[in-house]
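Here's the letter readout for the chains.
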Amino acid sequence: MPQHMATDEALFLSRREWLKAAGLAGIGIAAGTAGLSAMMGRASAAPITGFPATRNDSYVLDRALTAEQEAITYTNFYEFGSSKTIWRKAQKLETDPWMVTIDGMVEEELKIDAAELITKLGSQEERLYRHRCVEAWAMAVPWTGVPFSKLVALARPTSGAKYIRMETFYDPSVAPGQKQSWYPWPYVEGITIEEGMNELALLGTGMYGKGLEKQNGAPLRCVLPWKYGFKGIKSIVKFTFTDQQPVSFWEQLAKNEYGFWANVNPEVAHPRWSQATERMLGSDDRVPTLLYNGYEEQVAGLYAGMGGIGDRLFR
Ligand code: MTE
């Protein structure tokens, strides 16, 4: 067996230790990850099901849906590289089982499998949303998910908590981009609890009537259609409720280019990209960008107390 295929010694030892603690060492047990998780009492190793979900018709689009093939082959997932065509590399990510932690300033700390979490949160629905990347490309997608507010309700934040910090997996052996040590891995994003409670915020589980593709952030991602796409963190493993404003992955790298709020605003240019117009994936046509990406009615109230859009994107 080539060296690179051998199990890392630390992992091997910790598995041995666990087996010993469970009284199973020495009986020649040959369980793989799934077998081990079953023995450890995980309720379900099944992937998230329930696709296609019923569409919630309250969310309508003013533009054609992006072709599925475009949306699943043109992706940003820096863990797998900085090009848009990393979808093949992302297939190495094992998304089932997938443990998720909810911790910090909450009544209900939880460590739970993603599929079990979604079952707990209630029925999924489909919503047609616009998506806008700060690089000035855009798409229109049928997402599936559960309202993010249900996760907040499950966690029951304590009175001082104000923000939700979210974190993506960290595993450089699977995600080659994470070997690039100049990036501040793991990918982190954050929102206020109030934003998470907004009706538009979705805990995404699927697209186009199916579970999420790995390159689109399976099994769980955040969908915040009024914000630039980088806020929509993929493949989430941890939700931490906190009183400290989270500092995101991109903010750590370039504070003058990526701020906390990142609400879509056609009038404020990014240092490298004008935000006045956007290119729809699959087309060369540019269309005007809308304030809050067209969701002003649903979200403007969140920022009224700040005197407006809460734009701290580019400084
Ligand atoms: N989440 C993680 N973990 N890693 C990333 O590189 N890219 C972000 C966001 N979430 C990213 C991420 C950016 S810049 C965008 S525009 C969207 O994911 C893209 O989502 P899509 O590739 O599904 O279109």
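Anything mentioned here points back to the structure above.
Everything quoted here is computed from the prediction, not taken from an experiment. (Residues numbered from 1 in each chain as written. Predicted model: local features only at pLDDT ≥ 70, side-chain atom pairs only at ≥ 80, totals over all residues. Heavy atoms only, no water.)

Caption draft 1: Inspection of the site of the ligand at higher detail. Neighbouring the ligand are 18 residues; Y78, E79, R221, G232 and K234 lie closest to it. In this structure, N76 approaches the ligand through a main-chain N or O atom, which is 3.0 Å from an oxygen atom. Between a nitrogen atom of the ligand and a side-chain N or O atom of T168, the distance comes to 3.0 Å. Protein chains shield 99% of the accessible area of the ligand, which is 530 Å² for the free molecule. The cavity that encloses the ligand is the second largest pocket. The residue inventory of the shell around the ligand, partitioned by class, reads 8 nonpolar, 7 polar and 3 charged. (Near = heavy atom within 4 Å. Polar contact = N/O pair within 3.5 Å; in protein donor to acceptor, adjacent residues only side chain to side chain. Areas by Shrake-Rupley, 256 points an atom, 1.4 Å probe, with all protein chains shown as cover. 1 Å grid on protein atoms, 1.4 Å probe; cavity = no way out; pocket = protein on both sides within 12 Å on 5 of 7 lines; lining within 4 Å. Sits in = over half its atoms within 2 Å of the grid points. Nonpolar A, V, L, I, M, F, W, Y, C, P; charged D, E, K, R; others polar.)

Caption draft 2: Summary view of the side chain of T144. Mapped onto the elements of the fold, T144 is located in strand β4 (residues 137-147). The exposure class assigned to T144 is buried, which follows from its relative accessible area of 0%. Discounting chain neighbours no more than four positions away, the residues touching T144 are F51, A53, Q124, E125, E126, L202, L203, G204, T205, G206, M207 and G209. (Helix = DSSP H or I, 4+ residues; strand = E, 2+ residues; numbered from the N terminus. Buried < 20%, exposed > 50% of the residue type's maximum accessible area, 1.4 Å probe, protein only. Contact = heavy atoms within 4.5 Å.)

Caption draft 3: Region of interest: helix α4 (residues 114-121). Residues A114, A115, L117, I118 and L121 constitute the buried set of α4. Down the axis of α4, the buried set is contained in an arc of 160 degrees. They therefore lie on one face. Immediately downstream of α4, the backbone of G122 shows phi near 105 degrees, a positive value. (Arc of directions from axis to C-beta.)

Caption draft 4: The arrangement of helix α5 (residues 148-155) in detail. Inspection of α5 places F148, L151, V152 and A155 among the buried residues, and these make up the whole buried set. Relative to the axis of α5, the buried residues are bounded by an arc of 100 degrees and lie together on one face. Positive phi appears at R156, one or two residues downstream of α5, with a value of about 50 degrees.

Caption draft 5: Structural view of the layout of surface pockets. Considered as a void within the structure, the second largest pocket measures approximately 410 Å³ in volume. Taken together, 26 residues make up the lining of the second largest pocket; nearest its centre are N76, C133, Y187, G229 and F230. Looking at side-chain class alone, the lining of the second largest pocket contains 14 nonpolar, 7 polar and 5 charged residues. (Points joined across faces, edges and corners; volume = space filled by probe spheres on them.)

Caption draft 6: Seen up close, empty space enclosed by the protein. For the structure shown, the criterion picks out 2 cavities of 30 Å³ or more. Counted as a void, the largest cavity has a volume near 90 Å³. Around the largest cavity, the lining is made up of 13 residues, and of these H131, V223, L224, P225 and G229 lie nearest the centre. Of all elements in the fold, only β3 (125-132) and β9 (221-223) reach the threshold of two or more residues within the lining of the largest cavity. For the second largest cavity, the calculated volume is near 40 Å³. If you trace the second largest cavity, you find it lined by E68, I72, M207, Y208, K210, G211, L212 and E213. Elements represented by at least two residues in the lining of the second largest cavity include exactly α3 (68-73) and β8 (210-211). In terms of residue class, the lining of the second largest cavity is built from 4 nonpolar, 1 polar and 3 charged.

Caption draft 7: Here's a closer look at the pattern of salt bridges. Going through the model one piece at a time under the given rule, you end up with 14 salt bridges. Ionic pairing is found between D103 and K238, a salt bridge with its closest N-O pair at 4.0 Å. Residue D103 is found in strand β1 (residues 99-104), and its partner K238 is found in strand β10 (residues 236-242); the two are separated by 135 residues along the sequence. With relative accessibility at 15%, the residue D103 sits in the buried group. Between E108 and R156 there is a salt bridge; the shortest N-O distance is 3.1 Å. Note that E108 is positioned in the loop between β1 and β2 (110-113) and R156 in the loop between α5 and β5 (163-168), a separation of 48 residues in sequence. (Salt bridge = Lys/Arg side-chain N within 4 Å of Asp/Glu carboxyl O.)

Caption draft 8: Local environment of the pairing of β10. A large share of β10 lies buried, amounting to 6 of its 7 residues. Summarising the sheet, β1 and β10 pair through 4 bridges and their orientation is parallel. Bridged to I102 within β10 is F239. In this structure, β5 lies alongside β10, joined through 6 bridges in antiparallel fashion. Counted as the bridge partner of M166 is F239 from β10. (Pairing = 2+ DSSP bridges.)

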